[in-house]
Amino acid sequence: MSHHIVQADNLSYTYPDGTTGINHISFKITHGQSVALVGANGAGKSTLLLHLNGCLIPIEGEMKIGDSPVNKKSLKAVRRSVGMVFQNSDDQLFMPTVFDDVAFGPINLGMQEAEVEKRVRHALETVGASHLIHRPPYKLSGGEKRAVAIATVLATSPDILVMDEPTSNLDPVSRRRLIHLLNSFEHTKIIATHDLDMALDVCERTIVLHKGEITADGPTIDLFNDEQLLAHSGLEKPLGMQGVH
Amino acid sequence: MHMADALISPAVGGVMWVASAGLIGYCSKKMKEEVDNSKIPLMGVIGAFIFAAQMINFTIPATGSSGHIGGGMILAILLGPNAAFLTMASVLTVQALFFADGGLLALGCNIFNLGFFPCFVAYPLIYKRIVGNNPSEKLIMTGAIIAAVVGLQLGAFFVVLETLVSGISSLPFGTFVLLVQPIHLAIGIVEGLATAAVVLFVWKSRPEILQPCVSLKAVNGYSIKGVLVGFVAATLVTGCTLSWFASAHPDGLEWAMFKTAGVEELAGPEDGVHSSLATLQEKIAFLPGYGFKSGETHSLEEEAQVWPAIDPGTSMSGLVGGLLTLCLTLLIGVVVKHRKAIV
Amino acid sequence: MRERFTGARLFICPGYIKDMATFEKNLFDIGYMDTLALGTTGLHRLDPRAKLITTLIFVTMVVSLGKYEISMMVPFVIYPLAMIVSGELPFGYLFKKILLVAPFAILIGIFNPLLDRQALVQIGSMSISGGWISFFSIMIRFGLTVGAALVLISLTGFNSVCMGLEKLGVPRPFVVQLLFLYRYLFVLIDEASRMARARSLRAFGSGRMQFKIFVPLIGQLLLRTLDRAQRIHLAMCCRGFDGYISMNRTMKFGFKEIRFTLAWSLLFLCFRSHNIPLEMGELIGGYLR
């Protein structure tokens, strides 16, 4: 099961216009771990996520998924084991119907028609969206879109789930449903988020990013109790913990 | 200006369908060969952008009217001619199906008029030549405006040709041209200005976006020769089909230019409506066919005897139309060849 | 609901609300026609290719009629009407949509009565000129062809029409392009309307969109669009996109489809070759005599 390990070694990335995305980042995430990536706007969360499946190739350092470093050669294998859910579901759902969208990944992996169909149905069932199968994406609500977006990734059965702001723009009920769903997954999960309450519910470990560097890495509950650290990183104690005096 | 099903004959619609289909096939083939597959979503989303952007109008001061950006030129500048043509074609298809702009049979005409001229004539021959490889604010502005105007003028001229050759409308050639071209000159200037301003905005905030289309590599990257061969072939087919059509159905090609000669004397009961209409007609008929008056009595008699009137001028006018199209094609051919020799 | 909102405000509010109304109306229109396509009648279930081919034959036949042959056009009305009735489509809505685009046809057609004033038909002491006849023929042709296109979309849905086109041999990049355009039409019209609304709310009643505001607004929209295209491409690549988009649709051109296409085409041919209203009139006239 060694290929479920995510490891960053001294990772750095600078954008073409000169802004630093991330700076000398190192961490190791083992199989089945659920990790929250928190930090203020512009801390480098999204940049880091894009390295996880080779959307960006590091300028310095190395990103390893399992045993192989992420590079042009390993791209296909990496993308098969790392499933990425984007922040804006409209960007992720580009096909004419929900079925086509969920089937997009499996078809590109070269699966046969029957297998594709089976996977689509199973993925939609998992996220509780089976009834949406023939709908066009523009007719879905925000919560439904997010569920289907997650299904599109599940259909290729990745080992590692990477999510960018999964709870953004969701109403409280949809958000709660999503948290239950995430907790039911046994995948390794890496979730970038501003929703610290969700991080508290879903992730046992948290990495705090600040200006492209890691300022803390440890158990979620410990970090969120460290008010000085949170304030320094442009964050605030989750609401769920504020009531406790 | 969208061509409508109601105004064209099946022959014209069919020929333009073939021409547009050929171009779509050509561009699709080119797109398949393209290594950079990021253009696939880009084209779709920009097509949707054109749609949405054309719903936002700005007020033209002191006229009470409004304008919006043009489609073809901005697409060509952002995507290059092949991708732009496909995108424009898809925009027009959606418009035809959902908003009944044009129609199914006229779709070929519309794709050709509004896609071919900006993407394959105005963009490579005017915009690129003016802007060249060192874009500057002034060059982009001039290039985009002139190219938009020329593209639209050619498109409008084709609308006139297609309508006249179809013979459903009775507008005389001269009147039609004088009616359509100046209006489209005004529209072209407004659209060109808006297009140029938006392109400049993008160029100023993110110059790298316009780079791939302005660089020398892109110039050599596509060959206009293939497109041109296709166009010449299409026009030849058009010419042949039309002359066949002209001989088979003479009244289908009636050019009202010749018909108007006899109209004056044939006017119906002299009631108020008709006489006021006649004054109106005199106002709009800038170039009525009065020069042909010598034959008027003759044609009058003939028309009165048998209907539909077999006008002696018809086959003549078919010939003129065919020749005109061919001349235009040849002209474009010569210009392109000339340009090729320079590059 | 939405329609009522747009309709009611169209005339009483300043320009910016009208802008909004057009946006919402357009979105609503497209969405509504797709909803119609979700119907379950036999016509809805027919293979899209059958409807596509029949519509094309219909349009060609109608357009091929001479410009004075109004009487021969009349029987063709049966096709869109039959589709509307047995497809359970809302007649009033489609009719309004046709009227909405009529001005263009009127604009071109209206010159015919002015220019072509040769008397063609004599009814009692009143004579009708060829120009008026051809004007009405333009209007009828217009109604028929536009109606046929609207019926096609309402019975089939845009996506299925595209899939049908692909099976009929339309190049794949073009079909993919159509599907992408359609998918993001909704997203972008929504985005454009939000931007226009933000502007108009700060314009405090002066509904005019000045050019110097128009340009950055459209420019921003374009930049956002380009960013979005990049993100979509990333999302595609993450799921193994390598330049080829596959869409599996099992379509069956079976007995029903053949019957539909053949029967209608034969009927159209019959309408085209025989002047049925005239023959019927003569028949009845002869009988009366």
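Here goes a summary of the coordinates provided. None of the values given here were measured: they were computed from a predicted structure. (Residues numbered from 1 in each chain as written. Chains lettered and ligands numbered in written order. Predicted model: local features only at pLDDT ≥ 70, side-chain atom pairs only at ≥ 80, totals over all residues.)

1. Topic: the overall build of chain B
Counted only if it meets this: Only DSSP runs of H or I with at least four residues qualify as helices, and only runs of E with at least two residues qualify as strands; both kinds are numbered from the N terminus onward. Residues with at least 20 other C-beta atoms within 10 Å of their own are called buried, those with 12 or fewer are called exposed, and the rest are partly exposed. The C-beta atoms themselves are positioned from the backbone. We call two residues in contact whenever the C-beta atoms placed from their backbones are within 7 Å.
A tally of helices and strands in chain B yields 14 helices and two strands. Buried residues in chain B amount to 52% of all 343 residues. Within chain B, counting contacts between residues at least 6 apart in sequence, those at least 24 apart form 81% of the total.

2. Quick notes on the overall build of chain A
For clarity, the threshold we go by: Here the globule rule reads 2.2 Å times residues to the power 0.38, and the radius of gyration is calculated from C-alpha atoms.
Secondary structure summary: chain A contains 11 helices and 10 strands in total. Its C-alpha atoms give chain A a radius of gyration of 18 Å, within 12% of the compact-globule value 18 Å for 245 residues. Taking all 245 residues of chain A together, 49% fall into the buried category. Long-range contacts, defined as pairs at least 24 residues apart, comprise 65% of the intrachain contacts of chain A with a sequence gap of at least 6.

3. Quick word on helix α11 (residues 172–202) of chain C
Each turn of an α-helix holds 3.6 residues, which means side chains three or four residues apart point in the same direction. Residue and element names in this part refer to chain C. Convention followed: For a helix, the expected span equals 1.5 Å multiplied by the residue count minus one. Fitting one axis to the seven residues ending at a residue and another to the seven starting there, the bend at that residue is the angle between the two axes.
The end-to-end C-alpha separation of α11 is 45 Å, in line with the 45 Å expected for 31 residues at 1.5 Å each. Of all the bends in α11, the greatest, near 40°, is centred on Leu185. The buried fraction of α11 amounts to 22 of the 31 residues, a majority that puts the element mostly inside the structure.

4. What to know about the interface of chain C and chain B
For clarity, the cut-off: Here the term charged refers only to Asp, Glu, Lys and Arg, the term nonpolar to Ala, Val, Leu, Ile, Met, Phe, Trp, Tyr, Cys and Pro, and the term polar to all other amino acids, Gly among them.
Every contact between the two is made by 77 residues of chain C and, on the other side, 74 residues of chain B. Looking at the side of chain C that touches chain B, the elements with two or more residues in it are α2 (15–36), α4 (48–64), α7 (91–109), α8 (111–115), β2 (126–129), α9 (130–156), α11 and α12 (211–238) of chain C. When residues in the side of chain C that touches chain B are grouped by element, the largest group, 17 residues, is from α12 of chain C. Looking at the side of chain C that touches chain B residue by residue, the class counts come to 51 nonpolar, 18 polar and eight charged.

5. As for the pairing of strand β9 (residues 205–210) of chain A
Selection rule: Two strands pair under a simple rule: DSSP has to find at least two bridges between them.
Here strand β3 (residues 34–38) of chain A pairs with β9 of chain A via four bridges, running parallel. Note on β9 of chain A: the bridge partner recorded for Leu37 of chain A is Ile207 of chain A.

6. Some words on the sheet that holds strand β2 (residues 20–29) of chain A
All names here are of chain A. The strand order β2-β1-β4-β5 describes an open sheet built from four strands, whose pairing is antiparallel. Whereas interior strands pair on both sides, the edge strands pair on one side only; in this sheet they are β2 and β5 (68–69). By the bridge criterion, two bridges tie strand β4 (residues 60–65) to β5 in an arrangement that is antiparallel. Considered in β5, the bridge of Ile65 is made with Ser68.

By themselves, these are just geometric observations and shouldn't be taken as functional.
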